[in-house]
Amino acid sequence: MSGIDNRRQAENAILAVLPGRSRDLARLRILAEGGEAPVVTVVGKYNHGKSRLLNELLGADAFHVADTRATVALAERIHQGVRWMDAPGLDADVGNEDDLHALRAAWLESDIRLMVHAAREGELDADELALLQELHADGEHTRRQTMFVLSQVDQLEDEAELENVGQGLRGQLPGIAVYPVSSTRHRKGATEGKRLLLEKSGIPALKLELKAAFGRVPSARAHEAGLLRNGIRVELEQRLAAHAGRLVQLRDQHARQRRDFDEGLRDVLDTVQADMLDVVNVPGPDLARLPDSAEDRFKMTAGKLERSRLQVAYSRACRAVNAYLIRQGVVELPTAQQTAAASLNTVIVAVMGISIKYRDDLRRIFCEADGRKRLRRDFAHYYEQSSDRVALVADMARAESDIASVEQALAALQAIGTKG
Ligand SMILES: Nc1nc2c(ncn2[C@@H]2O[C@H](COP(=O)(O)OP(=O)(O)OP(=O)(O)O)[C@@H](O)[C@H]2O)c(=O)[nH]1
Ligand SMILES: [Mg+2]
């Protein structure tokens with residue numbers, strides 16, 4: 001299996017637990033596998049001179065420049081160890097899927113963002129301001145750098161107007177560094193060999209700043225990767241603690257319920273036993289064993305009387321136990337065990353049978369240790385199959401599998417931490 005497959009698998013293990021982290025994982029992948037070259041992207045509104053600025057910075061006509069909406073998809077060029085990415089302008093009226101995709105990619109891939117704003121527009125509009133603030137906030141956190149470029153300054157009347165615009169912008173964004181540039185002056189200065197014009201274009205100063213920014217990229221990337229991994233790890237650990245806590249609670253509840261069931265059943269069986277001892281401990285032989293002859297058919301005999309006395313006691317005992325089972329939610333047999341005879345589908349019938357004949361039966365069932373043990377075991381067996389108990393066990397299994405998923409995700413995070 002290739003490293004890429006391994007990484008995908010690891011990412012999926014994390015996403016299974018934290019689906020909201022897909023962007024962080026995509027960014028981490030880029031940080032791990034994206035190559036050494038610093039990535040510079042432009043952001044800003046359409047026609048503000050983004051593409052042309054990039055061309056001047058890298059000294060080649062790499063990107064399409066036009067008066068109409070020129071850049072419609074993400075384009076990139078690697079030049080002297082730097083990856084330059086040209087992105088479409090951010091204009092609400094366009095916002096089609098391709099643009100959004102390109103913008104997302106630019107946001108995801110970039111180490112350094114050049115926010116480009118045309119000088120003739122004066123102050124930033126609300127969208128630009130929000131974007132720049134977002135970029136700065138992100139930078140505080142991730143150390144990805146954003147530089148604010150005031151473009152096309154040759155379109156301003158004079159230095160005073162430039163000063164004016166600069167002041168307005170600083171009012172909007174206190175403390176921000178503004179890099180005024182003119183791509184046309186730079187091109188003219190370069191082709192005509194005019195040093196002063198080159199200097200005045202602001203591009204050499206911007207290049208110097210960029211060079212310094214490139215130097216900061218490796219440490220910024222390391223910082224950002226650590227930050228992302230840490231954020232994911234902390235969230236996974238919180239999930240793990242929550243699931244583990246839930247499992248402990250469910251197991252407690254499971255054990256406590258069973259204890260309560262067993263104790264309650266024992267109390268009921270104790271009462272039944274006391275009652276039964278009075279019934280079976282009568283002196284003399286068991287009259288129920290006296291056979292009735294054919295002519296006794298319509299007569300009340302001593303045997304019949306005793307048999308009915310025992311049957312009544314038996315029913316009373318069954319009712320007492322059944323009342324307890326009902327309170328515990330143990331009524332119907334599990335579906336798999338049910339038969340067509342609905343009246344036989346109850347737990348009490350399944351365990352007790354329908355009738356008894358003799359005193360010894362009652363003694364054996366309700367008064368002797370083995371009989372009582374069997375009742376406790378059989379009723380507990382059905383108790384474990386009652387719907388609440390089954391649901392509780394399923395909850396525990398879910399908590400266990402949640403824990404296993406988080407543990408897998410943590411191991412996966414560990415695995416994608418090691419580069420290469
Ligand atoms: N005067 C002047 N015009 C410029 C300057 N930079 C760019 N332009 C012109 O402004 C227009 C738009 O430039 P682009 O670089 O294509 O602008 P963009 O921001 O990439 O536009 P989209 O790709 O459509 O978002 C073109 O006609 C450029 O020639 C500049 O510094 N001064
Ligand atoms: Mg463009």
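None of these values were measured; they are calculated from a predicted model. (Residues numbered from 1 in each chain as written. Chains lettered and ligands numbered in written order. Predicted model: local features only at pLDDT ≥ 70, side-chain atom pairs only at ≥ 80, totals over all residues. Heavy atoms only, no water.)

Novice: Sorry if this is basic, but what is going on with the overall build of the protein here?
Specialist: Scanning the protein from terminus to terminus reveals 14 helices and six strands. What you see for the protein is a C-alpha radius of gyration of 41 Å, clearly larger than the 22 Å of a compact globule of 420 residues, by over 25%. Each of the three principal axes of the protein carries a C-alpha extent, and together these read 140 × 40 × 35 Å. Counting every position in the protein, which comprises 420 residues, the buried fraction comes to 42%. Restricting to contacts in the protein with at least 6 residues of sequence separation, those with at least 24 account for 73%. Across the protein, the mean location of the 58 positive side-chain charges is 6 Å away from that of the 62 negative side-chain charges. (Helix = DSSP H or I, 4+ residues; strand = E, 2+ residues; numbered from the N terminus. Rg over C-alpha atoms; globule rule 2.2 N^0.38 Å. Buried < 20%, exposed > 50% of the residue type's maximum accessible area, 1.4 Å probe, protein only. Contact = heavy atoms within 4.5 Å. Lys, Arg positive; Asp, Glu negative; His and termini not counted. Charge placed at Lys NZ, Arg CZ, Asp CG, Glu CD.)

Novice: Looking at this model, I keep getting lost on the packing of helix α9 (residues 203-280) against helix α14 (residues 387-417). Mind explaining?
Specialist: In helix packing, the relevant descriptors are the interaxial angle and the interaxial distance, both defined with respect to the helix axes. As a packed pair, α9 and α14 sit with axes 9 Å apart at the nearest point and diverge in direction by 160°. Here α9 lies roughly antiparallel to α14, going by the angle between them. α9 and α14 meet at a crossing whose hand is left-handed. The class makeup of the residues in the contact of α9 with α14 is 16 nonpolar, five polar and twelve charged. (Axes fitted to C-alpha atoms, helices over the stretch in contact; angles between N-to-C directions. Parallel < 35°, antiparallel > 145°, perpendicular 65-115°, else oblique. Left-handed = near helix turned anticlockwise from the far one by under 90°. Nonpolar A, V, L, I, M, F, W, Y, C, P; charged D, E, K, R; others polar.)

Novice: Explain helix α12 (residues 359-367) to me, please; I cannot follow it from the model alone.
Specialist: Each α-helix winds once per 3.6 residues, and so residues spaced three or four apart point in a common direction. Buried residues of α12: R359, D361, L362, I365, F366 and C367, and no others. Buried residues in α12 make contact with α9, α10 (302-327), α11 (347-352) and α13 (369-384).

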